[in-house]
Amino acid sequence: MPAVSVEDILVLPRVQEPDPAAVADRPVLSVTTAPSGFEGEGFPVRRAFAGVDLARLDPFIHMDQMGEVDYAPGEPKGTAWHPHRGFETVTYIIDGTFRHQDSNGGGGLITNGDTQWMTAGGGILHIEEPPEELVASGGLFHGFQLWVNLPARLKMTNPRYQDIRAGEVALLSSADGGALLRVIAGDLAGHRGPGITHTPITVVHATVTPGAQVRLPWRPDFNALGYVLAGSGTVGPDRRPVRTGQLAVFGPGDVITVATDSRSDGPRADGNHHGLDILVLGGEPIREPVATYGPFVMNTRDELVQAFEDYQAGRLGSIPAEPHPGHDVL
């Protein structure tokens, strides 16, 4: 799991250990295991938020862990052209390469540690697929896609695309140097990630080495979630066990605690040893009604019906006239 790594973690800015006497550790409310499924044209995913109440996820709606899968030649798959309205998609690639194109002119390739941030807003069409060379060769593919809700006043905002390169991600170290922290969006201890968000959120990919513990200061007005991408360890002050494919939902407080032991499985910051890789995310709850169906996230059923009518009438954009590699224009 390379994502973004460093040769010497000790040269990075450090997130200072919060004062135990002045802050409250967030308890773990639940740990759920993501069921496996298939998305798009048949690529394997884990449904990270399955079985969790939307009120605890707010402002997030949906997240898929894509892979980790080692494709044989000819096996890599993507999605066909499809619409979205009412939210943002965040696609982060840890291993492998993915191509994005949308009807608003956004798109490109993302690979190890890159992120594509697409604001669907009032409506957009897009396609995601492996490039032809990866289809031909096969290879490792691993990443995630997160759906971030938009408040009612921004549901119909203009579409926007952000191409975030791996080198733009803010890299930090835990206080004792035992964890590499990659800030993709939001603020962590005064260090900002490159993602520009409509809804206030923080997204951090942490690699925790064996025997290490990291205590992250976390805004008390944000919710807090931790999804294990690889390995095993514990979360919360009671050291609740977690492993690959599990989501921890945290309660109120100021600090998120994540730890490993010497038997943890999974890559560490230098990619050569074992540790725990966890995606820590949270945001300011929107606290509005949510109506979802397929590719649309709105506030009411009537708005969902309107979204489908607008899509069928071609008002969410047009597939570019030039055929996309490997796909026919409809």
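Thresholds, definitions, all that
Residues numbered from 1 in each chain as written. Predicted model: local features only at pLDDT ≥ 70, side-chain atom pairs only at ≥ 80, totals over all residues. Heavy atoms only, no water. Helix = DSSP H or I, 4+ residues; strand = E, 2+ residues; numbered from the N terminus. Rg over C-alpha atoms; globule rule 2.2 N^0.38 Å. Buried < 20%, exposed > 50% of the residue type's maximum accessible area, 1.4 Å probe, protein only. Contact = heavy atoms within 4.5 Å. Areas by Shrake-Rupley, 256 points an atom, 1.4 Å probe, with all protein chains shown as cover. Lys, Arg positive; Asp, Glu negative; His and termini not counted. Charge placed at Lys NZ, Arg CZ, Asp CG, Glu CD. 1 Å grid on protein atoms, 1.4 Å probe; cavity = no way out; pocket = protein on both sides within 12 Å on 5 of 7 lines; lining within 4 Å. Points joined across faces, edges and corners; volume = space filled by probe spheres on them. Nonpolar A, V, L, I, M, F, W, Y, C, P; charged D, E, K, R; others polar. Phe/Tyr/Trp six-rings, centres within 6.5 Å; stacked < 30°, edge-to-face > 60°. Pairing = 2+ DSSP bridges.

1. Some points on the overall build of the chain
Moving on, step 1. A count of helices and strands for the chain gives three helices and 27 strands.
Moving on, step 2. Rg of the C-alpha trace for the chain: 19 Å, near the compact-globule value of 20 Å for 330 residues, within the 12% margin.
Moving on, step 3. Taking the principal axes of its C-alpha atoms as reference, the chain extends roughly 60 × 45 × 35 Å.
Moving on, step 4. Among the 330 residues that make up the chain, the fraction classed as buried is 55%.
Moving on, step 5. For the chain, long-range pairs separated by at least 24 residues make up 73% of all intrachain contacts whose partners lie at least 6 apart in sequence.
Moving on, step 6. Total accessible area computed for the chain in this model is approximately 13500 Å², and 50% of it derives from carbon and sulfur atoms.
Moving on, step 7. If the 24 positive side-chain charges of the chain are averaged to one point and the 40 negative ones to another, these points end up 6 Å apart.

2. Structural notes on the layout of surface pockets
Moving on, step 1. For the largest pocket, the calculated volume is near 340 Å³.
Moving on, step 2. Along its surface, the largest pocket is lined by 20 residues, and Glu-39, His-62, His-84, Gln-145 and Trp-147 are the ones closest to its centre.
Moving on, step 3. Mapped by element, the contributors of at least two residues to the lining of the largest pocket are strand 4 (43-47), strand 5 (60-71), strand 6 (82-84), strand 12 (139-149) and strand 26 (291-293).
Moving on, step 4. Looking at the lining of the largest pocket element by element, the count peaks at four residues for strand 5.
Moving on, step 5. Its residues placed into classes, the lining of the largest pocket shows eight nonpolar, eight polar and four charged.

3. Quick word on the packing of aromatic side chains
Moving on, step 1. Going through the model one piece at a time under the given rule, you end up with six aromatic pairs.
Moving on, step 2. For the ring pair Tyr-71 and Phe-141, a centre distance of 6.4 Å and an interplane angle of 35° mean the geometry is tilted. Of the two residues, Tyr-71 sits in strand 5 while Phe-141 sits in strand 12, which places them 70 residues apart along the sequence. Grouping residues by exposure puts Tyr-71 and Phe-141 together as buried.
Moving on, step 3. Members of the aromatic cluster, connected to one another through ring pairs, are Tyr-71, Phe-98 and Phe-141.

4. Structural notes on the pairing of strand 9 (residues 107-110)
Moving on, step 1. Two elements, strand 8 (residues 98-102) and strand 9, share four bridges in a ladder whose sense is antiparallel. Residue pairing across strands places Gln-101 opposite Gly-107, the latter belonging to strand 9.
Moving on, step 2. Here strand 8 hands over to strand 9 after four residues, with Gly-105 in that stretch at a positive phi of 95°.

5. Digging into the environment of Phe-87
Moving on, step 1. Within the fold, Phe-87 resides in strand 7 (residues 87-95).
Moving on, step 2. The class for Phe-87 is buried, based on a relative accessible area of 0%.
Moving on, step 3. Considered as a pair, Phe-87 and Pro-295 are 208 residues apart in the sequence and their alpha carbons are 9.5 Å apart.
Moving on, step 4. Beyond its immediate sequence surroundings of up to four residues, Phe-87 is in contact with Met-118, Thr-119, Ala-120, Gly-121, Trp-147, Val-148, Asn-149, Leu-150, Pro-295 and Val-297.

6. Thoughts on unusual backbone geometry
Moving on, step 1. Cis geometry marks the peptide bond from Asp-58 to Pro-59, where omega comes out at 20°.
Moving on, step 2. Of note, the bond from Gly-67 into Glu-68 is cis; its omega dihedral lies within 30 degrees of zero at 15°.
Moving on, step 3. With respect to the helices, strands and loops of the structure, Glu-68 is situated in strand 5.
Moving on, step 4. Its identity as a non-glycine residue notwithstanding, Arg-239 has a phi of 55°, on the positive side.
Moving on, step 5. The phi torsion at Arg-287 lies on the positive side, around 60°, for a residue other than glycine.
Moving on, step 6. Its location among the elements puts Arg-287 in the loop between strand 25 (276-283) and strand 26.

7. Observations concerning the environment of Ser-232
Moving on, step 1. The topology assignment puts Ser-232 in strand 21 (residues 232-235).
Moving on, step 2. A residue is classified by how much of its surface remains accessible, and Ser-232, at 23% relative accessible area, is partly exposed.

8. Quick word on the sheet that holds strand 1 (residues 14-15)
Moving on, step 1. Strand order in the open sheet formed by eight strands is 1-14-15-18-25-20-23-2, and the pairing between neighbours is mixed. On the outer flanks of this sheet lie strand 1 and strand 2 (28-33), each paired with one strand and no other.
Moving on, step 2. Looking at chain direction, strand 14 (residues 170-174) and strand 15 (residues 179-185) are connected through four bridges and run antiparallel. Looking at strand 15, one finds that Ser-173 is bridged to Leu-180.

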